[in-house]
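Residue strings, one per chain:
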Amino acid sequence: LAAKYCFNPSKPIKACFINIDFYKLGAKAQLQKYAEIFNIPLEDITSIASLDYCLNQHKNDDLIIVDTAGRSQYAFQDLKELKLYLDRIPNATKYLTVSSTSKYSDLKEIINSFGQVGFDQIILTKTDETKTIGPAVGILLKTNKSLAYITHGQSVPEDYRIASFDFFEEKLFKAIQNPDNYQQII
C-alpha cells in the first residue's frame, strides 16, 4: 500500500509510517527500510500517549500508514489492547489481512475475533501459496466486508493488486480448463 501511494513521483504526497508492532522481531527494521525507500518518516509507538502525540504531529499529512503486529484470533487480551490503539485513530480505513491458505473454520474465527476489534475491508494474502481459494471465497461471501487487495507473491509492489473479480475468474477458468484440478481450486 505504501508503494502505491508513496512511490509515485508524478503525484507526491506527505506521508508517514506508524509502527505499533511491539512483538515481531525485526518488524521495526523492515518497516524502517521501506520508510527509507519511500523517503517518509517512521514513528515508533510505545503507548497510547505516544500514539496521540504522533497523530497530532502528523495531522496535516496526506496519508498515515499504521502497521500493527499480527495477532492470533485467540489472543483476546492482545486484541483488546489493539482495539484501544485503533480506536484512537479517527476516520481510518482498517484492513484485516487474512491468508488464503487458512482453513474455512479458521477464517471464520479470525473474522469473528477481529470483528470485535473493528475492520473495514479485507486484504487476502498468499494467494500464490495455495490452489484452493474456496475457503477464502466462502468467508468473503459470509462477511459484509469488501475485499480491498489481493497479494500473490513476495515482490513489492508488483505482487499486490486491487481486488477485482478478474482474479477469481482466472482461478476458476483454470479449473474449468483442467477438470482434474477443479476440486483443488474450490
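Just above, that's the structure.
Note that the structure is a prediction, hence the values are computed from the model and not measured.

The rules we used
- The residue numbering used here restarts from 1 in each chain and proceeds along that chain's sequence as written.
- Since the coordinates come from a predicted model, pLDDT governs what is reported: local features require at least 70, and pairs of side-chain atoms require 80 or more to be given and counted, while whole-chain, interface and lining totals use all residues.
- The side-chain values count all of the structure's non-hydrogen atoms but skip hydrogen atoms and water molecules.
- Should DSSP find at least two bridges between two strands, the strands are taken to pair.
- Segments assigned H or I by DSSP are reported as helices when at least four residues long, segments assigned E as strands when at least two residues long, and all are numbered from the N terminus.
- Inter-axis angles, ranging from 0 to 180 degrees, are taken between N-to-C directions of lines fitted to C-alpha atoms, where helices are fitted over the stretch in contact.
- Any two residues whose heavy atoms approach within 4.5 Å are treated as being in contact.
- We call a residue buried when its accessible area falls under 20% of the maximum for its residue type, exposed when it is over 50%, and partly exposed in between, using a 1.4 Å probe and counting protein chains only.
- Within this document, salt bridges are pairs made up of a side-chain nitrogen of Lys or Arg and a carboxyl oxygen of Asp or Glu, the two lying within 4 Å of each other.

Any chance you could explain the sheet that holds strand S1 (residues 15-20) here in plain terms?
Each strand in a sheet pairs with its neighbour through backbone hydrogen bonds, running either in the same direction (parallel) or in the opposite one (antiparallel). Within the open sheet, the three strands sit side by side as S2-S1-S3. Their pairing is parallel. With one partner strand each, in any of the chains shown, strand S2 (42-44) and strand S3 (63-68) form the two edges of the open sheet. For this sheet, the mean angle separating the axes of adjacent strands, direction not counted, is 20 degrees. Packed on one face of the sheet, helix H3 (residues 48-57) meets S1, S2 and S3 and runs near 175 degrees to S1.

How should the pairing of S1 be read in this particular structure?
Successive side chains on a regular strand alternate, one facing one side of the sheet and the next facing the other. Within S1, six of the six residues are buried, leaving the element largely enclosed by the surrounding structure. Residues Ala15, Phe17 and Asn19 line one face of S1 and the alternating positions Cys16, Ile18 and Ile20 line the opposite face, and both faces are buried. Direction of pairing for S1 relative to S3: parallel, over a ladder of six bridges. Bridge assignment links asparagine 19 to a residue of S3, and that residue is aspartate 67.

Quick question: what am I supposed to make of the pattern of salt bridges here?
When the charged atoms of two side chains with opposite charge come close together, those side chains can pair. This structure, assessed with the given rule, holds four salt bridges. With a shortest N-O distance of 3.8 Å, aspartate 61 and lysine 14 are connected by a salt bridge. With a gap of 47 residues between them, aspartate 61 in the loop between H3 and S3 and lysine 14 in the loop between helix H1 (2-6) and S1 connect regions that are remote in the sequence. One salt bridge in this structure joins lysine 103 and aspartate 106, with 3.6 Å as the shortest N-O distance. Here lysine 103 falls in the exposed class, since its relative accessible area comes to 52%. The exposure class assigned to aspartate 106 is partly exposed, which follows from its relative accessible area of 24%.

Bear in mind that shape data such as this cannot, by itself, settle questions of function.
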